[in-house]
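Fold and geometry: a report
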Amino acid sequence: MAPVKVYVDLMSQPARAVYIFCRATGIDHEIIPVRIVNGDTRTEEYTAMNPFQKVPVVKDGDFALTESVAIFRYLAHTRDIAEHWYPKDAKLQARVDEYLEWQHQGTRFHCARFFQEKWLFPIAFKVAPNEKKIASMQVNMEKCLDEIERIWLQSGKKDFIV
C-alpha cells in the first residue's frame, strides 16, 4: 500500500493531531507541508482537495479526505494499527467516537483559547497579554480538564477512555 499523503500546517491543532497519529501508529505516510498564512490552502489544486481550504487533508491515491476525526476513523479502518487506538468492538468504538465528538467543543476549544490568549495573540500581534482574559480562559480550560478526569476517566477508575 502506498504511503498516504498528509497535508498539514503544524500551527493547526487538528493537523498536528493527524500528524502525531500517523507517526505514533506507524502508518506509512508522507507529510506535505502547507502554510495557511502563505495562502497554500487557497490554491486551485488545494481547493480541489478541500473546498473549505483548511487543514488537514489526507490523500490516499485519488481519494482526498478532510476533517481530522473523519481522517482518524478512515485510517483506523484502512490501515493496520493496534486496536487500542480505535477498537473493533462496536461499543468500545462508540465510546471513542463519543469522546472525539465531544473534544471539539471540550478539550480542543478550551485549550486552544487559553493558548491563543496567553501566547499566540501577544506574539503574533506584538501586544501585551490580556491577563483578565487569560485567567478566564484558564478557568474554562481547567474545568474541561477536570471533566476529562471526572467523567471520561471516572475519577481515576480508568486509565483510558476505553
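Summary of the structure given here. (Residues numbered from 1 in each chain as written. Predicted model: local features only at pLDDT ≥ 70, side-chain atom pairs only at ≥ 80, totals over all residues. Heavy atoms only, no water.)

Brief notes about the overall build of the protein chain
- Helix and strand counts for the protein chain come out as five helices and four strands.
- From first element to last, N terminus to C terminus, the protein chain shows the α and β order β-α-β-α-β-β-α-α-α.
- Principal axes of the C-alpha set define a box for the protein chain whose edges measure 50 × 45 × 25 Å.
- The 162 residues of the protein chain split such that 35% are buried.
- The long-range share in the protein chain, meaning contacts at least 24 apart out of those at least 6 apart in sequence, stands at 54%.
- As presented, the protein chain carries roughly 10,400 Å² of accessible surface, and 56% of it is formed by carbon and sulfur atoms.
- Taken as two groups, the 22 positive and 22 negative side-chain charges of the protein chain have centres that lie 6 Å from each other. (Helix = DSSP H or I, 4+ residues; strand = E, 2+ residues; numbered from the N terminus. Buried < 20%, exposed > 50% of the residue type's maximum accessible area, 1.4 Å probe, protein only. Contact = heavy atoms within 4.5 Å. Areas by Shrake-Rupley, 256 points an atom, 1.4 Å probe, with all protein chains shown as cover. Lys, Arg positive; Asp, Glu negative; His and termini not counted. Charge placed at Lys NZ, Arg CZ, Asp CG, Glu CD.)

Comments concerning the packing of helix H3 (residues 68-78) against helix H4 (residues 90-125)
- It is at 10 Å that the axes of H3 and H4 come closest, and there the two elements cross at 155°. By the angle between their axes, H3 is roughly antiparallel relative to H4. Note on packing geometry: the crossing formed by H3 with H4 is right-handed. For the pair formed by H3 and H4, the contact residues are Ser68, Val69, Phe72, Arg73 and His77 on the first element and Gln93, Asp97, Leu100, Glu101, Gln103 and His104 on the second. (Axes fitted to C-alpha atoms, helices over the stretch in contact; angles between N-to-C directions. Parallel < 35°, antiparallel > 145°, perpendicular 65-115°, else oblique. Left-handed = near helix turned anticlockwise from the far one by under 90°.)

Description of the side chain of Asp97
- Summarising the element assignment, Asp97 is placed in helix H4.
- Here the side chain of Asp97 touches Arg73 through a polar contact of 3.0 Å, side chain to side chain.
- Excluding its chain neighbours within four sequence positions, the residues that come into contact with Asp97 are Arg73 and Tyr86. (Polar contact = N/O pair within 3.5 Å; in protein donor to acceptor, adjacent residues only side chain to side chain.)

Things to note about the packing of aromatic side chains
- The full count for this structure, using the stated rule, is ten aromatic pairs.
- Aromatic pair Phe63 and Tyr74: ring centres 5.2 Å apart, planes at 45°, arrangement tilted. Residue Phe63 is found in strand E4 (residues 63-66), and its partner Tyr74 is found in helix H3; the two are separated by eleven residues along the sequence.
- When the centroid spacing of 5.8 Å and the interplanar angle of 90° are considered together, the rings of Phe114 and Trp119 count as edge-to-face.
- Among the residues examined, Trp119 registers a relative accessible area of 40% and is labelled partly exposed.
- Following the ring pairs from residue to residue traces out a cluster consisting of Phe21, Phe72 and Trp85. (Phe/Tyr/Trp six-rings, centres within 6.5 Å; stacked < 30°, edge-to-face > 60°.)

Some details on the pattern of salt bridges
- Tallied over the entire structure, the rule returns eight salt bridges.
- A salt bridge links Asp97 to Arg73; the nearest nitrogen and oxygen atoms lie 3.0 Å apart. Residue Asp97 is located in helix H4, and its partner Arg73 is located in helix H3; the two are separated by 24 residues in the primary sequence.
- A salt bridge links Glu98 to Arg95, with the shortest nitrogen-to-oxygen separation between them at 2.7 Å. Of this pair, Glu98 and Arg95 both sit in helix H4, separated by three residues, roughly a single helical turn.
- Relative accessible area serves as the criterion here: at 45%, Arg95 is assigned to the partly exposed category.
- Several salt bridges converge on common partners, so that one network encompasses Arg73, Asp97 and Glu101. (Salt bridge = Lys/Arg side-chain N within 4 Å of Asp/Glu carboxyl O.)

Regarding helix H1 (residues 13-25)
- With 13 residues, H1 should reach 18 Å at 1.5 Å per residue; the first-to-last C-alpha distance of 18 Å fits that figure.
- Buried positions along H1 lie against strand E1 (4-8), strand E2 (29-33), strand E3 (57-60), H3 and H4.
- Backbone geometry just downstream of H1 places Gly26 in the positive-phi region, at approximately 80°. (Expected span 1.5 Å × (residues − 1).)

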